[in-house]
Amino acid sequence: MKNFLKGPQMAIIWTILRIWLGVQWLTAGWGKVVGGFDASGYLQGVLANATGEAPTVQAWYATFIEGFAIPNVGLINILIPWGELLVGIGLILGAATIPALIAGAFMNLNFLLAGTLSTNPIFYTVAIVLLFTGAASYHYGVDRFIAPYIKARFHKKVQTKPTDKTVNFPA
């Protein structure tokens, strides 16, 4: 069963799922990059959701938002739209697939921690499933051709590192 789930037949399903997820990220990111994006109001809303009788945001996450995200909203305004756009492109092409899936899942996790449900649980779950499929997630993608090249280059560099000089004592 393990080989079947990671084989070329199932890779077609994983590819369709990967491209679908990529289109979702690309669409979200493109709208923010082109239309302008300001997370200030959203971040203030996150803080508001951390109070009351049934807060949807944990206190520790609200502390992160208040102490880091709000003071650095300019950085957040760049990272979110461009992150979404790049994750989308990577997933659609199957290029840097594993880093794109990790980055997408990390963004979804942060949106969930901020109290935003929407499609985030679905996107997060799809990203995790695709991560578990490993190379089958990019069997039909750019990484199928680039990953072996990168691995070979990395392996070659590891082999060409100078070895430690050892002293051989006579027996």
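A brief look at the structure comes next. (Residues numbered from 1 in each chain as written. Predicted model: local features only at pLDDT ≥ 70, side-chain atom pairs only at ≥ 80, totals over all residues. Heavy atoms only, no water.)

1. Structural notes on a nonpolar patch on the surface
Among the surface-exposed residues, Ile78, Trp82, Leu86, Ile89, Leu93, Val142, Phe145, Ile146, Tyr149 and Ile150 lie close enough to one another that they form a single nonpolar patch of about 1,000 Å² accessible area. Those elements that provide at least two residues to the nonpolar patch are helix 5 (73-93) and helix 8 (143-159). The element best represented in the nonpolar patch is helix 5, accounting for five residues. Along the chain, Trp82 falls in helix 5. The partly exposed category is assigned to Trp82, whose relative accessible area is 43%. (Patch = residues over 30% accessible without salt bridge, like charges linked within 9 Å, V, L, I, M, F, W, Y side chains within 5 Å. Areas by Shrake-Rupley, 256 points an atom, 1.4 Å probe, with all protein chains shown as cover. Salt bridge = Lys/Arg side-chain N within 4 Å of Asp/Glu carboxyl O. Helix = DSSP H or I, 4+ residues; strand = E, 2+ residues; numbered from the N terminus. Buried < 20%, exposed > 50% of the residue type's maximum accessible area, 1.4 Å probe, protein only.)

2. What about the packing of aromatic side chains?
Each pair of aromatic rings is reported with the distance of its centres and the angle of its planes. Enumeration over the complete set of coordinates arrives at five aromatic pairs. Both rings, one in Trp20 and one in Phe123, keep their centres 5.6 Å apart while their planes meet at 75°; by these two values the pair is edge-to-face. In this pair, Trp20 sits in helix 2 (residues 8-35) while Phe123 sits in helix 7 (residues 120-133), placing the two residues 103 residues apart along the sequence. For Trp20, a relative accessible area of 35% puts it in the partly exposed group. Between Phe64 and Phe68, the aromatic rings sit 5.6 Å apart at their centres with planes inclined by 20°, giving stacked as the arrangement. In this pair, Phe64 and Phe68 both sit in helix 4 (residues 59-69), four residues apart, roughly one turn of the helix. Given a relative accessible area of 36%, Phe68 falls into the partly exposed group. Members of the aromatic cluster, each reached through a chain of ring pairs, are Trp60, Tyr61, Phe64 and Phe68. (Phe/Tyr/Trp six-rings, centres within 6.5 Å; stacked < 30°, edge-to-face > 60°.)

Nothing here speaks to function; it is all geometry.
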